[in-house]
Amino acid sequence: LVDAGLSSVLPLAPLTGDPGLITALVERWRPETSTFHMPFGEVTITLEDVATLTGLAIDGDVVVVDIPDEDWSAMCLRLLGQAPTDLGGGVIRITWLRETFDELPLSASPQTT
């Protein structure tokens, strides 16, 4: 984390906030607009909000991992249990993810869920 410039997340504590507040926010969340519906209007969390709360930098160089194309398939198999046939350059189509993993099987382990 330090080498990647993400050391500011190390001191962050797990979310242990007020359950009532969290429930209220969940009830006000509108997934179709990705906003919270509040009495005073629609609000959303911005990238700047995340940077302020976590201390993460939101500008500068991106963090990337150089993985040769032939290793992407093996990594997908290891992490997802399946790999798309049209995998190239580390790009996985969201349609493939939805078609493949939209519904969990009844035999899914607690780690999967």
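Residues numbered from 1 in each chain as written. Predicted model: local features only at pLDDT ≥ 70, side-chain atom pairs only at ≥ 80, totals over all residues. Heavy atoms only, no water.

Taking an unreviewed UniProt entry as the reference, the protein is identified by name as Aminotransferase-like plant mobile domain-containing protein belonging to Linum tenue.

Trainee: Is there a simple way to explain the overall build of the protein in this structure?
Mentor: Counting secondary structure elements, the protein contains four helices and three strands. For the protein, the α and β elements follow one another from N to C terminus as α-β-β-β-α-α-α. With 113 residues in all, the protein has 9% of them scored as buried. Taking all contacts inside the protein whose residues are at least 6 apart in sequence as the whole, residues at least 24 apart take part in 15%. When the accessible surface of the protein is summed, it comes to about 9500 Å², and 59% of that surface belongs to carbon and sulfur atoms. (Helix = DSSP H or I, 4+ residues; strand = E, 2+ residues; numbered from the N terminus. Buried < 20%, exposed > 50% of the residue type's maximum accessible area, 1.4 Å probe, protein only. Contact = heavy atoms within 4.5 Å. Areas by Shrake-Rupley, 256 points an atom, 1.4 Å probe, with all protein chains shown as cover.)

Trainee: Looking at this structure, I do not really get unusual backbone geometry. What am I missing?
Mentor: Trans is the prevailing form of peptide bonds, just as negative phi is the prevailing case for residues other than glycine. Even without glycine at this site, Ser-34 takes up a positive phi of about 55 degrees. Mapping Ser-34 onto the fold places it in the loop between strand 1 (29–30) and strand 2 (35–38).

Trainee: Just checking my understanding: could you explain the packing of aromatic side chains for this structure?
Mentor: Both the distance between ring centres and the angle between the ring planes are used here to describe each pair of aromatic rings. Under the criterion given, the structure shown has two aromatic pairs. Judged by centre distance (4.7 Å) and plane angle (65 degrees), the ring pair of Trp-29 and Phe-36 falls under edge-to-face. For the ring pair Trp-96 and Phe-101, a centre distance of 5.6 Å and an interplane angle of 85 degrees mean the geometry is edge-to-face. The exposure class assigned to Phe-101 is partly exposed, which follows from its relative accessible area of 32%. (Phe/Tyr/Trp six-rings, centres within 6.5 Å; stacked < 30°, edge-to-face > 60°.)

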